Amino acid sequence: MAEFYDAKEVEDKFYKIWEERGYFEIDANKNIRKDGRKFCIMMPPPNVTGSLHIGHALTFTLQDIMTRYKRMDGYKTLWQPGLDHAGIATQNVVEKQLLAQGIKKEELGREKFVEKVWEWKEKSGGMIVHQMRKLGISPAWSRQRFTMDEGLRIAVKKAFVNLYEKGLIVRENYMINWCTHDGALSDIEVEHKENKGKLYHLRYYFADKPSEYVVVATTRPETYFGDTAVMVNPNDERYKNLIGKKVVLPIIGREIEIIADEHVDMEFGTGLVKVTPAHDTNDYEVGKRHDLEFITVFDEKGILNEQCAQFKGLERLEARDAIVAELEKLGNVEKIEDYENQVGYCYRCKNVVEPYISKQWFVKKQIADDAIAKVGEGLAKFYPAHWINSFNAWMRELRDWCISRQLWWGHQIPVFYCDECGHEWADEGEPTQCPKCKSANFHQDPDVLDTWFSSGLWPFSTLGWGNGEELKNEKWFDGDLAEFYPNNLLITGFDILFFWVARMMFQGENALGKLPFDDIYLHALVKDEQGRKMSKSLGNVIDPLVSIDEYSADVLRFTLALLAVQGRDIKLSDEKMKLVRNFTNKLYNASKYLLLNESKFANLSDAKIETKLGKYMLSRFNECVREVRENIDAYRFNDAANAIYKFLWDEFCDWGIELSKADKGSVRELGAIFKEAMRLLSPFMPFISEYLFHELSGSNLESTGSIMIEAYPQANERDLQIEKTFELVIEAIVAIRRAKATIEQGNSKIAKAFIKLNGNKNLTEATNYVSLLAKCEQIEFCDAKIENAARDVSENLEAFVPLEGVDMSAVIMRLRSQKTKLEKEIAKLSSMLNNEKFVASAPQAVVEANREGLASATQKLEKVDSELANLGAVD
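What counts, and at which threshold
Residues numbered from 1 in each chain as written. Predicted model: local features only at pLDDT ≥ 70, side-chain atom pairs only at ≥ 80, totals over all residues. Heavy atoms only, no water. Axes fitted to C-alpha atoms, helices over the stretch in contact; angles between N-to-C directions. Helix = DSSP H or I, 4+ residues; strand = E, 2+ residues; numbered from the N terminus. Parallel < 35°, antiparallel > 145°, perpendicular 65-115°, else oblique. Contact = heavy atoms within 4.5 Å. Nonpolar A, V, L, I, M, F, W, Y, C, P; charged D, E, K, R; others polar. Phe/Tyr/Trp six-rings, centres within 6.5 Å; stacked < 30°, edge-to-face > 60°. Buried < 20%, exposed > 50% of the residue type's maximum accessible area, 1.4 Å probe, protein only. Lys NZ or Arg CZ within 6 Å of the ring centre and 35° of its normal. Patch = residues over 30% accessible without salt bridge, like charges linked within 9 Å, V, L, I, M, F, W, Y side chains within 5 Å. Areas by Shrake-Rupley, 256 points an atom, 1.4 Å probe, with all protein chains shown as cover. Salt bridge = Lys/Arg side-chain N within 4 Å of Asp/Glu carboxyl O. Lys, Arg positive; Asp, Glu negative; His and termini not counted. Charge placed at Lys NZ, Arg CZ, Asp CG, Glu CD. Polar contact = N/O pair within 3.5 Å; in protein donor to acceptor, adjacent residues only side chain to side chain.

Caption draft 1: Structural detail: the packing of helix α19 (residues 612-633) against helix α23 (residues 720-742). As a packed pair, α19 and α23 sit with axes 9 Å apart at the nearest point and diverge in direction by 105 degrees. Here α23 runs roughly perpendicular to α19, going by the angle between their axes. When α19 is examined against α23, the residues K612, L613, K615, Y616, S619 and R620 are found in contact with a partner set consisting of I722, E723, F726 and I730. In the contact of α19 with α23, the residues fall into five nonpolar, one polar and four charged.

What follows is the structure in structure tokens.
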């Protein structure tokens, strides 16, 4: 066995072998498969523009743990991988590349531009897939899909036409979120952030009394050209006499009426607000209630139009200062104040988003009704359970979903318009004529679908639904849909619950009459060790590829699993990864020890466990297997990882290995148990577990099979009697060691130690373990306290180390010195805590720290006094 474990060499080599042999594919585990067991999980398709970030690493690690576990447990297993075409993000990337060459997409035209995007996708799209492989994940790569491949393209058309014909997709004028760069956005594609802006108080003069005016407050003076009313609250006594009067808009001279509406907040600004129905979400509703005129003052690019007098042609935000300057010049500005408010930004390009009236395609909110009802019936379970409340709350407030996007890259909306008779129709195919008048003079809607529309079909379109014959028997097969839909489990970040999860729920329910998942596990965010979100500005971003290079894929995976407590943010740090790296070193060194004593080891199923220590370790291993299985099945990944960690480090490596030095005959049994533990560890740390299993078997992966397609360990019966015996053995060893340490004999071999057992306990047949590990030539059992001896008291026994022949003067001097220091510390802390002024004025954290310090010092003093009393050195 090599002196050190070379993770980089092993991980690259093993992954290539696993993938080449088809171990990640559905039929890999045929030899251990059990009838009726099927497991399907979908990879959230990362953007084709993306690179592996720490959130991906967590999602894929947890998915891989579940997939490897189910594969080893005899399930017919499909982990479906793929990539998302990411409409806005991808088009932005390619547009920027072309602009750097001095080329605008309009110069190329739609067809040529889309060709350029496909070229870029083929070159760069595989980057994140390569990075995912570095993490060691095991999806069925041969089935990898792309949300715009031929089969999924047909499925998207089928889904759209289905909803269109049911009246659940409509094209109407709505007020929507509009990005002047990227076009229409859904509500959840808008990021709201605190903005330090201005509140402009503008004077609107009365039409019949030009010397008098009202003052309205606005944060967006550039939109006032679209005002069609001024509004007051009907209960506001200040302005009741103004209702029905008219005021004049400055610069353009248009008259508008003062109206009453309870929407007005009487406390905001002056209590009078301007109404711009075409450019404000709330004003839009007011405009409809009062039948106001809707005046649009800028175009889709944010350029002011003819409604804006001399400011026509300016960009809306750039025009603000010029408009305010003119209003000030005309005497229409009362005052300008600093003001903090929430402003919406495009989640992709960070442009300020505008409320904008536009004719767009929408999915009606009623599509979700059946999905909401079935979730309410418990037909899908959320982990952690509290996420069902968020899901239900959001679904109750669901609004019609804008699905049209003003892009060229994406699924073009399959709706056609006849240029002769005006007929509109949706079509799954490639029509050649208008179905109504038979004219060949028609055109397709130029917009594309929101990316989330196609990814909402992911749980079933990837299984062949709606694919026609495209990619059949290559990426999907007959029977896939029946076998793997609904998917058993979804694992993803909570932050896309509404972007993606909810949409899959109602798309799947609509298309197939079933919710797409049995279980939905939503993990929290990965943050830094201080609990801060990772950001480039803070310089605290952890790059998973850098972590893999420094620590190994196994270390990153196991660290993430250990920290993945349901519902809690993951605080990741180098320190935690170093601890897990120490764990891998511990496993490696344990293997080296075993191989120093035996050249190779049998599988546990072929080994006879006959020694006391072997039976003890096997019993503890069975308990570990039970805990691991129970926790994985409940998606408590941290508890499952902790159970393995504690067994292998605390029980096997720290005690099993040490105790075997007193019983060399147990080593071959421990080796068999350790090999089985590598199977248990395999889903979490697939590389080192594979490597150590083969090292202990005297084999290698290159010439034999992999443990990843062998059966996962089963929990067998425990031997509680042998466990009790060895618990006493360990307790006795620890007690003698502690007693020796009090007289500074910790590492010395002593002639004799006494053990007084409580009750009817018996250790006579296990004294060889105690003697060797406690470094005592002789162990003697007693019924009474041994005088003139160092003593240690534990739960089930007392240990005594005779003081005869030991010079205790130095020990007593040390203990008395400790006692003096502790007494001084206790006096100081007690004085501070008895001072009412200090307790009242000091920070609470300081007071608590002093209380904890006092309790600790008091406890230590009691122990020192006890040790002095044992030594007969009480003053």
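Additional details are given in the paragraphs that follow.
Caption draft 2: Geometry of the packing of aromatic side chains. Under the definition given, this model contains 46 aromatic pairs. The interplanar angle of 40 degrees and the centroid separation of 6.1 Å between the aromatic rings of F225 and F311 together place this pair among those described as tilted. Of this pair, F225 sits in the loop between β8 (213-218) and β9 (229-232) while F311 sits in the loop between α8 (281-290) and α9 (320-329), and the two are 86 residues apart along the sequence. The residues F225 and F311 share a single accessibility class, namely buried. Note on F558 and F684: the rings are 6.2 Å apart at their centroids and 80 degrees apart in plane angle, and the pair reads as edge-to-face. Of the two residues, F558 is situated in helix α17 (residues 553-563) and F684 in the loop between α21 (667-681) and α22 (686-697); the sequence distance between them amounts to 126 residues. An aromatic cluster of at least three residues, connected via ring pairs, comprises F160, Y164, W361, W401, F453 and F506. Between R133 and the ring centre of W141, over which it is positioned, the NZ or CZ distance is 4.4 Å.

Caption draft 3: Main features of a negative patch on the surface. A cluster of like negative charges, contributed by E529, E550, D574 and E575, occupies part of the molecular surface. Mapped onto the elements of the fold, E529 is located in the loop between β24 (526-527) and α16 (544-551). For E529, a relative accessible area of 52% gives the class exposed.

Caption draft 4: Here's a closer look at the side chain of T180. Its place among the elements puts T180 in the loop between β5 (169-179) and β6 (183-185). Judged by its relative accessible area of 10%, T180 falls in the buried class. For T180, the side chain forms a polar contact with the side chain of R316, separated by 3.5 Å. Contacts of T180, omitting those with residues within four sequence positions, involve E300, K301, G302, R316 and N351.

Caption draft 5: Just the pattern of salt bridges, in detail. Under the criterion given, the structure shown has 59 salt bridges. Between R171 and D445 there is a salt bridge whose closest N-O contact spans 4.0 Å. Taken together, the positions of R171 in strand β5 and D445 in the loop between β20 (442-444) and β21 (448-449) put the pair 274 residues apart, joining distant regions of the chain. Of the residues examined, R171 reaches a relative accessible area of 33% and is grouped as partly exposed. Classification of D445 by relative accessible area gives buried; the value is 3%. Here E598 makes a salt bridge to R668, at a shortest N to O gap of 3.5 Å. Here the residue E598 occupies a position in the loop between α18 (574-597) and α19, and R668 occupies one in helix α21, the gap between them amounting to 70 residues. Members of the salt-bridge network, linked through shared partners, are R620, E623, R626, E630, R636, D639, E651, R718 and E723.

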